[in-house]
Amino acid sequence: MKLDKIGRDIVVILLGTAIYAFGLVFVNIPNQLAEGGVTGITLIFRALFGINPALSTLLLNIPIIALGGRILGRRSFFYTIIGTLSLSAWLFVWQKVNFSIDLDHDLLIAALVAGLFGGVGSGIIYRVGGTTGGSDVIARILEQKIGVSVGRTLFILDIVILTASLTYIDLKRMMYTLIFSYVFAHIVDAILDGGYSARGVLVISNHSQAIAPQLMAEMERGVSFLNGEGAYSGGEKKIIYMVVSAREVSEVKRIVHEYDSTAFVSIINVHEVEGEGFTYLKPKKKLFGKKKAS
């Protein structure tokens, strides 16, 4: 891996842990909102025993990371160490800052704001392949050793930790914590999916050869042909496949139906797309006239 790429990833992890820790210190803790994972355990220790989350985060993660060193791989192991150390450092720093966020004691707003900070912070960390240690590492250890899926382990750990959090918060705040968790998860998903909602479009038509050039010209998106065969007719068909943004789906349908009103069009949710037209800006269309060839 190139050093400049590693440097950029480290900067992103430092930024992500700063945002995550900011939300934890200035929103979760003042409003007594719980958390899942190892962070949730640090909040329990803080409430019951007065242990600083900056210290407990570090102490809890050191043995977990040590156990998962071989499983994580060299790159993930290095990024996890960076994430864990920086999270602990930021928790320490933010607790020293004389600052507060006035949410007028509104727990719903607190849950939404906490989910925003936590989701954005974690999302950009995950985006570059980093973690903050904790339950993610435990889940991967259990998957390799006893075959329990990562998702199931994380779900069970969160249930156990959130249930244990009832030792210092009431049921009302637990319900708001679930709202926080919902917002958190959706923001993380949005960041990992690239911040947009993409759709895969499959078009089955006898006029595919005419439709495809028009789609490319009007939508300025790449189009591929897939070889297909009708199960009933046995005839060969050219199936059009392309990926567009959610707002472009209606335009694709309009173009297709101009050529073939009986065409079969299937829309598929796409969770991640890389390539020209998505990771790069589309060519800008002129308001009047055609574009000049470059």
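Nothing here was measured: the structure is a model prediction, and the numbers come from that model. (Residues numbered from 1 in each chain as written. Predicted model: local features only at pLDDT ≥ 70, side-chain atom pairs only at ≥ 80, totals over all residues. Heavy atoms only, no water.)

1. Looking at the overall build of the protein chain
The number of helices and strands found in the protein chain is eleven helices and four strands. A compact globule built from 294 residues would reach a C-alpha radius of gyration of about 19 Å, whereas the protein chain, at 24 Å, exceeds it by more than 25%. In terms of its C-alpha atoms, the protein chain occupies a principal-axis envelope of roughly 70 × 50 × 45 Å. The buried share among the 294 residues of the protein chain stands at 39%. A separation of at least 24 residues holds for 74% of the contacts in the protein chain among residues at least 6 apart in sequence. (Helix = DSSP H or I, 4+ residues; strand = E, 2+ residues; numbered from the N terminus. Rg over C-alpha atoms; globule rule 2.2 N^0.38 Å. Buried < 20%, exposed > 50% of the residue type's maximum accessible area, 1.4 Å probe, protein only. Contact = heavy atoms within 4.5 Å.)

2. So, helix α7 (residues 135-146)
Compared with an ideal rise of 1.5 Å per residue, which puts twelve residues at 16 Å, α7 spans 16 Å between its outermost C-alpha atoms and is within 8% of the ideal. Remark: Gly-147 follows α7 within two positions and exhibits a positive phi of approximately 80 degrees. (Expected span 1.5 Å × (residues − 1).)

3. Points about the nonpolar core
Ranked by internal contacts, the top residues of the largest apolar core, which has 29 residues, are Val-27, Leu-91, Trp-94 and Tyr-168. In terms of residues, this core owes the most to one element, helix α1 (residues 3-28), which gives seven residues. Other than its neighbours up to four places away in sequence, Leu-91 contacts Ala-21, Leu-24, Val-25, Pro-53, Ala-54 and Thr-57. Formed by 15 residues, the second largest nonpolar core is a distinct cluster that contains Leu-215, Val-223, Ile-255 and Val-256. (Core = buried A, V, L, I, M, F, W, Y, C linked by side-chain atoms within 4.5 Å.)

4. A short note on the side chain of Thr-80
Relative to the assigned elements, Thr-80 resides in helix α5 (residues 74-96). Taking relative accessible area as the criterion, Thr-80 reaches 1% and is therefore assigned buried. Polar contacts involving the side chain of Thr-80 include one to the side chain of Thr-131, which spans 2.9 Å. (Polar contact = N/O pair within 3.5 Å; in protein donor to acceptor, adjacent residues only side chain to side chain.)

5. Points about unusual backbone geometry
Positive phi values are uncommon outside glycine, yet Gln-32 reaches one of about 50 degrees. Overall, Gln-32 belongs to the partly exposed group, its relative accessible area being 35%. The backbone of Asp-104 sits at a positive phi, close to 55 degrees, despite the residue not being glycine. Within the secondary structure, Asp-104 is located in the loop between α5 and α6 (107-127).

6. Some points on the packing of α6 against helix α9 (residues 171-192)
Where α6 meets α9, the axes come as close as 7 Å, and the angle between the chain directions of the two elements is 35 degrees. Judged by the twist between their axes, the crossing of α6 over α9 is right-handed. Split into classes, the residues belonging to the contact of α6 with α9 amount to 18 nonpolar, five polar and three charged. (Axes fitted to C-alpha atoms, helices over the stretch in contact; angles between N-to-C directions. Left-handed = near helix turned anticlockwise from the far one by under 90°. Nonpolar A, V, L, I, M, F, W, Y, C, P; charged D, E, K, R; others polar.)

7. With respect to the pairing of strand β1 (residues 198-204)
Residues in a regular strand point their side chains to alternate faces of the sheet. Bridge analysis of β1 against strand β3 (residues 236-245) gives seven bridges, and the strand direction is antiparallel. If you follow Gly-200 over to β3, its bridge partner there is Val-243. In this structure, β1 lies alongside strand β4 (residues 264-270), joined through seven bridges in antiparallel fashion. The residue bridging Gly-200 from the neighbouring strand is Ile-268, located in β4. (Pairing = 2+ DSSP bridges.)

8. Thoughts on a nonpolar patch on the surface
Residues Leu-48, Phe-49, Ile-51, Leu-55 and Leu-59 make up a contiguous nonpolar surface patch of about 480 Å² in total accessible area. Where the nonpolar patch is concerned, the elements lending two or more residues are α2 (37-49) and α3 (53-67). Owing to a relative accessible area of 42%, Leu-48 belongs among the partly exposed residues under this scheme. (Patch = residues over 30% accessible without salt bridge, like charges linked within 9 Å, V, L, I, M, F, W, Y side chains within 5 Å. Areas by Shrake-Rupley, 256 points an atom, 1.4 Å probe, with all protein chains shown as cover. Salt bridge = Lys/Arg side-chain N within 4 Å of Asp/Glu carboxyl O.)

9. Quick word on the packing of aromatic side chains
Summed over all chains, the structure comprises ten aromatic pairs. Aromatic side chains Phe-22 and Phe-26 sit 4.7 Å apart centroid to centroid with 55 degrees between the ring planes, which places their arrangement in the tilted category. Of this pair, Phe-22 and Phe-26 both sit in helix α1, four residues apart, which is roughly one turn of the helix. We note that Phe-22, like Phe-26, is buried. Plain terms: the ring middles of Phe-26 and Trp-94 are 6.1 Å apart, the flat faces sit at 70 degrees to each other, and that makes the pair edge-to-face. (Phe/Tyr/Trp six-rings, centres within 6.5 Å; stacked < 30°, edge-to-face > 60°.)

10. Topic: the pairing of strand β2 (residues 224-229)
As paired strands, β2 and β3 are joined by six bridges and run antiparallel to one another. By the bridge assignment, Asn-227 is partnered in β3 with Lys-238. Linking two consecutive strands that pair antiparallel, namely β2 and β3, is a turn of six residues; a positive phi of about 75 degrees is found at Gly-234 within it.

11. A few points about the pattern of salt bridges
Taken as a whole and judged by the stated rule, the model has seven salt bridges. For Arg-173, the salt bridge identified is with Asp-170, shortest N-O distance 3.9 Å. With relative accessibility at 22%, the residue Arg-173 sits in the partly exposed group. One salt bridge connects Glu-248 with Arg-221, and the closest N-O pair in it is separated by 3.4 Å. One end of the pair, Glu-248, is in the loop between β3 and α11 (249-259); the other, Arg-221, is in the loop between α10 (208-219) and β2, and 27 residues separate them in sequence. Overall, Glu-248 belongs to the buried group, its relative accessible area being 11%. Connected through salt bridges with shared partners, the residues Glu-218, Glu-251, Arg-254 and Glu-258 form a single ionic network.

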